[in-house]
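Here's the letter readout for the chains.
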Protein chains: 4
Amino acid sequence: MKEKYSVFLGNVGSCSDRYCAAYGRSYSWEELFERAASIPYLSGVDLVLTPEVLESFEVIRKLLKASDLKAVSLAVDHFTQAKWKQGSLSSVDPSIRKEAVRDTMRAMDLAAEIGCDLVTVWPGQDGYDYLFQADYIRERTLFADGIREACRHRPDIRLSLEYKAKEPRSHCYVNSTAATLLMIQEIGEKNCGAVLDYGHALLGYENPAEAVAMLAKYGNRLFHVHINDNYRLWDDDMIVGSVHTLECLEFFYWLRRTGYDGWMTIDQFPYRENGRDAVAESAAWLHALEQKIAQMDSEIIEDVLRKKDGIAASRLMRRILFPEEK
Amino acid sequence: MKEKYSVFLGNVGSCSDRYCAAYGRSYSWEELFERAASIPYLSGVDLVLTPEVLESFEVIRKLLKASDLKAVSLAVDHFTQAKWKQGSLSSVDPSIRKEAVRDTMRAMDLAAEIGCDLVTVWPGQDGYDYLFQADYIRERTLFADGIREACRHRPDIRLSLEYKAKEPRSHCYVNSTAATLLMIQEIGEKNCGAVLDYGHALLGYENPAEAVAMLAKYGNRLFHVHINDNYRLWDDDMIVGSVHTLECLEFFYWLRRTGYDGWMTIDQFPYRENGRDAVAESAAWLHALEQKIAQMDSEIIEDVLRKKDGIAASRLMRRILFPEEK
Amino acid sequence: MKEKYSVFLGNVGSCSDRYCAAYGRSYSWEELFERAASIPYLSGVDLVLTPEVLESFEVIRKLLKASDLKAVSLAVDHFTQAKWKQGSLSSVDPSIRKEAVRDTMRAMDLAAEIGCDLVTVWPGQDGYDYLFQADYIRERTLFADGIREACRHRPDIRLSLEYKAKEPRSHCYVNSTAATLLMIQEIGEKNCGAVLDYGHALLGYENPAEAVAMLAKYGNRLFHVHINDNYRLWDDDMIVGSVHTLECLEFFYWLRRTGYDGWMTIDQFPYRENGRDAVAESAAWLHALEQKIAQMDSEIIEDVLRKKDGIAASRLMRRILFPEEK
Amino acid sequence: MKEKYSVFLGNVGSCSDRYCAAYGRSYSWEELFERAASIPYLSGVDLVLTPEVLESFEVIRKLLKASDLKAVSLAVDHFTQAKWKQGSLSSVDPSIRKEAVRDTMRAMDLAAEIGCDLVTVWPGQDGYDYLFQADYIRERTLFADGIREACRHRPDIRLSLEYKAKEPRSHCYVNSTAATLLMIQEIGEKNCGAVLDYGHALLGYENPAEAVAMLAKYGNRLFHVHINDNYRLWDDDMIVGSVHTLECLEFFYWLRRTGYDGWMTIDQFPYRENGRDAVAESAAWLHALEQKIAQMDSEIIEDVLRKKDGIAASRLMRRILFPEEK
């Protein structure tokens, strides 16, 4: 990796939660691009294809061209519209599934148009809330079938599944690194991979570095990374490194060790902060943490991994943070 | 208790989350009242004094009168407006604190006007997100001072603090049964008590029945109850009894044992369901569960509690659910 | 299923935790068999091949024969001896790995000798505690290689991997339904499957019924079931049904729906209770819950699953528990 | 504070869990003292009055005198013996309660004898496992009565309550900072305070620094500190700082800010590590972290706290770790 940092365009604006519809004012597309472009270390943007973005796609395309920011991924919107409330590609309603596949293909086409080879699918509404509510086998199969169909639409675009244990559903189907890998194997298409969201890994009692390792081990399927931080029990989408600093160092090490050379998109919800400044703060953490790892002699780290010694691991982390220490 | 069930008026409408601004259509005040009134076992409503409710207060007051529904509590809105984003009564900004106290007093006055003696304060924005962000001592003291001031405004109205460990802040100050009792003791006013939200208790690894016991033990401070259900790690606000059925039975037993005679307000977020029907389903659970407890010989239960025998406790629960069992 | 209930033999004795070495007295093999045999609804035992059990294997074999209890599975001991503290089949030490494979093969031979076709492997020590402590890729591969080698030792015995997110390690490799399925696919042997421990599923924010579905969907790999209950955040190993009653009903439904016809072993740690009586209480719950499901018209349940309606799901559960309800 | 670090004597030996009775060999009292004395930065020991310690008390007293280590606290053993399995001071059996009070008083006398003014009470068995198992009001009152009686036995010794949400019971009564403060107020004795265990705070979704603040705010009741680390969902008792580094920095800041001048006892369970070395590693972290805070200009920190700015808080933490950063 070499600091290929990007951001979800909307993150530099303002956001809402289920109680408060607007924590800040809204920003024009021009403003959002300006704000993103002003942030040190950032060189890309990630876009969610909501109805608003689709409507303004020409404007956005021009702003992209005019800026130095690269579009690193387009995300299909399978989660902000009421029609997906009982699922998108896994819906029990065939017309909804059809629409979800069509939207995914359109996203692939739009990505190709703007010179981006990656589409993100986050099936946050595909899952269930209540016991006895869902046919877990059938709905998972429907989902896999839909993704396979989309993958075959154009093999030049990579489709990437973002996993998360819960929210907005209390239980999602594509909910962990391992479940996503199983799903990818079931789909069986070369252009299908995973988005690892650092905070989603934490939320699922996963260690993000280990998630990187698993995605490498089982078919080298890490296509994209989202980054943020949280308190482990919810997807708080906070400033990178502000809670799980050591996990982030190990994460960078394993990205490097497994040869990841994709992008890392900052994905925050700075409810109470200025969005632009909160993202800039995250970028500064990313820079500092990646530098720390880049400066390490990897043989020292490998030696600890080989010995499987907890004390040596602790000492290693202590010295990464405090190099003056013995 | 004898089935004094109520509902947050908005719950019979539709709701949003941080991704989807509207899972359903909006409803007029008339419709909301009609929908609430149509639900078996319900006889009250709870209202949050958002700007929209305040604006339509006269209309709502008429609809209340025209219906058979009693207003059981008015809740101050310290959480839906951007101005509270860094706290209401605990804000570091004195003008915000002043406004928060004033809004609380206004809620007390409005409650009195409509023959309701209970005001709910839920300080969901009073807390912090980041380490090193807050002066925990000072802000807690400011909060207590604000509530005390409001309590003294009119001792004929009871002020009730609703606690929750987190959300929307990742850390809230009024976050547990015990923390709320400490706060109430600090405030030192007779008309200050607690709202126990069943789901908030579950979220905080509290046992709702034990929370009832603590509120009884330390000064008899249970003023109001909210009811719903969740999966323990987040405030999912689901249909009552659909996840934690046995906890709900024990909860009813302890409400009865400690002589609670207030209301129980259904507080759900039925994102994907018809709001009216989801609330009706909760009311049906409440009725069934309360009946089960009412039919029990309390001496049998007391005998188990006296002996502190885990197996006897399990057998008791098994027989409440399956009376035909040995 | 038709009430094929068994128990870990040690469960009817007494147990210890990290603070208290003995919560009760120890029992002779004869006593343990007598106690297990006295429990209604039980017809099998599960055995862990600790050094003590291996030493007394002839005695135990005779007691088995003399009783009406069937040996339903033998579990390899990869977790009670200090030598496994940094892992068994995934150890970085080749001599430890060799020993772990040898012990697994011996368990298979012993199982065959006593007419049991199932061996359980629970790799509780295979994982890590500290960040930067482990080479996640290499150790997972070593583990898979070891299991594959053992599977090939004798295809007439089924090897079954028991998964759990954590404990005794703070992070285990075989940690979820999906991770276990990935591992089984990697191993690629027909006689390799999974043990689903109901409490482990709850601990990992998994819904046990959904775990059954996934094990059915991906190759029909459910070989064995352990049953107990807990408060979701730790493997409390409590009496069945005493906490998650509705989950247990759905679990029975999906076992039946997917055609599971194996055993269900009660796996508790009744620290403070009489072990025999705590297990008997679990068996009584199992009987009651399975009866409830057996009595249901499955078409009613299937109809709810097809419609994906949360309210209908809630109503269904309410009526299973309270058949007199509308 | 100025590096008053101590350790539980047993921590430098070896430990067990519920599966493995001995992860390492046992050590003589002489060896344990030698091992503790060999650790840089440590100058005290903490002792649990188990039957074994009581039996060897004269030997231990001599070893204490011969070493440079100060006895910083004696802990009553209300948790390793089977007799406490259903509670100590809160037991429903009056003879158990009597014994628990007597043991507490004996600990106070022994502490006085060896020039130590602090006794720790950790009521890990006082709580419940099952719903409908306990009379929460009565048992809490019994517990408070017992502590009060012991406090009055000798006001020259401080009694300190250690709280923890769970384990060994699935629910403990003295379970959070706020619950402990309520209990202390109920007890009403000057020599009654709290032990804050850093890992227990994390386990209870508490922020350790905020716990320090609350104990200062409500009567200045922080008498003692235990330190370790964990993954938030269980009391893993790991090496200090190896998981929650930033929390530990804030913790040191608030200890300093509130004028804490007591001891900090390392309390680990190094199952798989050499106990002496694992504790030495913790001490090295403590030294490094406390130095970092001591070097900070506190006015810079206070300024952030006054402004309640999340971005400023993040930047502050980033610069504490990486002083070369902007």
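Right above here is the structure, for reference.
Residues numbered from 1 in each chain as written. Chains lettered and ligands numbered in written order. Predicted model: local features only at pLDDT ≥ 70, side-chain atom pairs only at ≥ 80, totals over all residues. Heavy atoms only, no water.

## Here's the deal with the sheet that holds strand β3 (residues 70–76) of chain B
Residues and elements named next belong to chain B. Strand order in the closed barrel formed by eight strands is β1-β2-β3-β4-β6-β8-β9-β10, with parallel pairing between adjacent strands. Adjacent strand axes in the sheet meet at a mean angle of 30 degrees, parallel and antiparallel pairs treated alike. Strand direction decides the pairing type here: strand β4 (residues 118–121) and strand β6 (residues 158–162), joined by four bridges, are parallel. Opposite Val121, over in β6, you have Leu161 as the bridge partner. Contacting β2 (42–49), β3, β4 and β6, helix α4 (residues 94–113) crosses the sheet at an angle of about 170 degrees to β3. Packed onto the sheet, helix α6 (residues 177–187) meets β6 and β8 (192–197) and runs at close to 165 degrees relative to β8. (Pairing = 2+ DSSP bridges. Helix = DSSP H or I, 4+ residues; strand = E, 2+ residues; numbered from the N terminus. Axes fitted to C-alpha atoms, helices over the stretch in contact; angles between N-to-C directions. Contact = heavy atoms within 4.5 Å.)

## Quick look at the interface of chain C and chain A
At the interface, 58 residues of chain C touch 58 residues of chain A. Approximately 5100 Å² of surface area, both sides summed, lies buried where chain C meets chain A, with 63% of it carried by carbon and sulfur atoms. On inspection of chain C and its partner chain A, the count reaches eight salt bridges. The closest approach of N and O atoms between Arg140 of chain C and Glu210 of chain A, which form a salt bridge, is 3.0 Å. Counting across the chain C and chain A interface gives 26 residue pairs in polar contact (both at pLDDT 80 or more). Of all the secondary structure elements, the ones that give two or more residues to the side of chain C that touches chain A are β5 (127–128), α5 (136–153), α6 (177–187), α8 (208–217), α9 (245–257), α11 (298–307) and α12 (310–321) of chain C. Classifying every residue of the side of chain C that touches chain A gives 32 nonpolar, 11 polar and 15 charged. (Buried area = accessible area lost by both parts, 1.4 Å probe. Salt bridge = Lys/Arg side-chain N within 4 Å of Asp/Glu carboxyl O. Polar contact = N/O pair within 3.5 Å; in protein donor to acceptor, adjacent residues only side chain to side chain. Nonpolar A, V, L, I, M, F, W, Y, C, P; charged D, E, K, R; others polar.)

## A short note on the interface of chain A and chain B
In this complex, chain A contributes 40 residues to the contact, which on the side of chain B involves 40 residues. When the two sides are added together, the surface that chain A and chain B hide from each other amounts to roughly 3700 Å², 53% of it contributed by carbon and sulfur. The largest per-residue losses of area from chain A upon contact with chain B belong to Arg18, Tyr19 and Arg272 of chain A, which jointly make up 26% of the total buried on that side. Summed over the shared surface of chain A and chain B, the result is eight salt bridges. Connecting chain A to chain B are 23 residue pairs in polar contact (both at pLDDT 80 or more). Of the residues that constitute the side of chain A that touches chain B, the class distribution is 18 nonpolar, nine polar and 13 charged.

## Points about the pairing of β8 of chain B
Looking along a regular strand, one sees side chains alternate from face to face of the sheet. All names here are of chain B. Among the six residues in β8, six count as buried, and that is most of the element. One ladder, built from four bridges, connects β6 with β8; its direction is parallel. From the neighbouring strand, Leu161 faces β8, where its bridge partner is Ala194. (Buried < 20%, exposed > 50% of the residue type's maximum accessible area, 1.4 Å probe, protein only.)

## Description of the relation of the copies chain C and chain A
Of the two same-sequence chains, chain C is brought onto chain A (RMSD 0.0 Å, axial shift 0.0 Å) by a rotation of 180 degrees. Classification of the inter-copy transformation places it as that of a two-fold axis. Residue Ala178 of chain C, judged by its C-alpha, is the member of chain C lying nearest the rotation axis, at 2.6 Å. (Least-squares fit on C-alpha atoms with pLDDT ≥ 70 in both.)

## Section: the relation of the copies chain A and chain B
What relates the two chain copies is a rotation about an axis together with a slide along it. Rotating chain A by 180 degrees and moving it 0.0 Å along the rotation axis overlays it on chain B with an RMSD of 0.0 Å. Mapped onto chain B, 100% of the interface residues of chain A are again interface residues, and the two copies thus contact each other with one and the same surface.

## Looking at unusual backbone geometry
The residue after Glu167 of chain B, namely Pro168 of chain B, is reached through a cis peptide bond having omega 5 degrees. When you line up the elements, Pro168 of chain B lands in the loop between β6 and β7 (171–172). At Phe132 of chain B, a residue that is not glycine, the phi angle is positive and equals roughly 60 degrees. Position of Phe132 of chain B relative to the elements: it lies in the loop between β5 (127–128) and α5 (136–153). Note on Phe132 of chain B: relative accessible area 1%, which makes it buried. Positioned with a positive phi, Glu167 of chain D is a non-glycine residue whose angle comes to about 80 degrees. With respect to the helices and strands, Glu167 of chain D occurs in the loop between β6 (158–162) and β7 (171–172).

## Here we look at the packing of aromatic side chains
The way to describe two aromatic rings as a pair is by their centre distance and the angle between their planes. For the coordinates displayed, the defined rule picks out 50 aromatic pairs over all chains. Taking the centre distance of 6.0 Å and the plane angle of 85 degrees together, the rings of Tyr19 of chain A and Phe269 of chain B count as edge-to-face. With one member in each of two chains, Tyr19 of chain A in the loop between β1 (5–8) and α1 (29–37) and Phe269 of chain B in the loop between β10 (264–266) and α10 (275–295) form a pair that bridges those chains. Residue classification places Phe269 of chain B among the buried residues on the basis of a relative accessible area of 16%. Seen from their ring centres, Trp254 of chain B and Tyr136 of chain D are 5.1 Å apart, and the 40 degrees between their planes marks the pair as tilted. Here Tyr136 of chain D lies in helix α5 (residues 136–153) and Trp254 of chain B lies in helix α9 (residues 245–257), a pairing that spans two chains. In textbook terms, an aromatic cluster arises when at least three aromatic residues are bridged by ring pairs, as seen for Tyr19 of chain A together with Tyr23, Phe79, Trp122, Phe269 and Tyr271 of chain B. (Phe/Tyr/Trp six-rings, centres within 6.5 Å; stacked < 30°, edge-to-face > 60°.)

## Section: the packing of α10 of chain B against α12 of chain C
Two numbers describe how α10 of chain B lies on α12 of chain C: the axes approach to 10 Å, and their chain directions differ by 15 degrees. In terms of axis orientation, α10 of chain B runs roughly parallel to α12 of chain C. Crossing of α10 of chain B against α12 of chain C: the hand is left-handed. Along its contact with α10 of chain B, which presents Asp277, Ala278, Glu281, Ala284 and Trp285 of chain B, the element α12 of chain C presents Ile311, Ser314, Arg315, Met317, Arg318 and Leu321 of chain C. (Parallel < 35°, antiparallel > 145°, perpendicular 65-115°, else oblique. Left-handed = near helix turned anticlockwise from the far one by under 90°.)

## A short note on the nonpolar core
Most often, soluble globular proteins have nonpolar side chains that are buried together. Grouped together as the largest cluster of nonpolar side chains are 451 residues, with contacts concentrated most on Phe132 of chain A, Phe132 of chain B, Phe132 of chain C together with Phe132 of chain D. For Phe132 of chain C, the residues in contact, after removing those within four places along its chain, are Leu246, Leu249, Glu250, Tyr253, Ile293, Ile301, Val304, Leu305, Ala313, Leu316, Met317 and Ile320 of chain A. (Core = buried A, V, L, I, M, F, W, Y, C linked by side-chain atoms within 4.5 Å.)

## Structural notes on α10 of chain B
Residue and element names in this part refer to chain B. The end-to-end C-alpha separation of α10 is 30 Å, in line with the 30 Å expected for 21 residues at 1.5 Å each. Among the 21 residues of α10, 17 are classified as buried, and the element is accordingly described as predominantly covered. Capping the start of α10 is the job of one residue whose side-chain oxygen sits 2.9 Å from the backbone nitrogen of Arg276: Asn274. (Expected span 1.5 Å × (residues − 1).)

## Let's talk about the pairing of strand β2 (residues 42–49) of chain A
Residues and elements named next belong to chain A. Taking burial as the measure, the eight residues of β2 include seven buried ones, the bulk of the element. With four bridges connecting them, β1 and β2 associate as parallel partners. Note on β2: the bridge partner recorded for Ser6 is Gly44.

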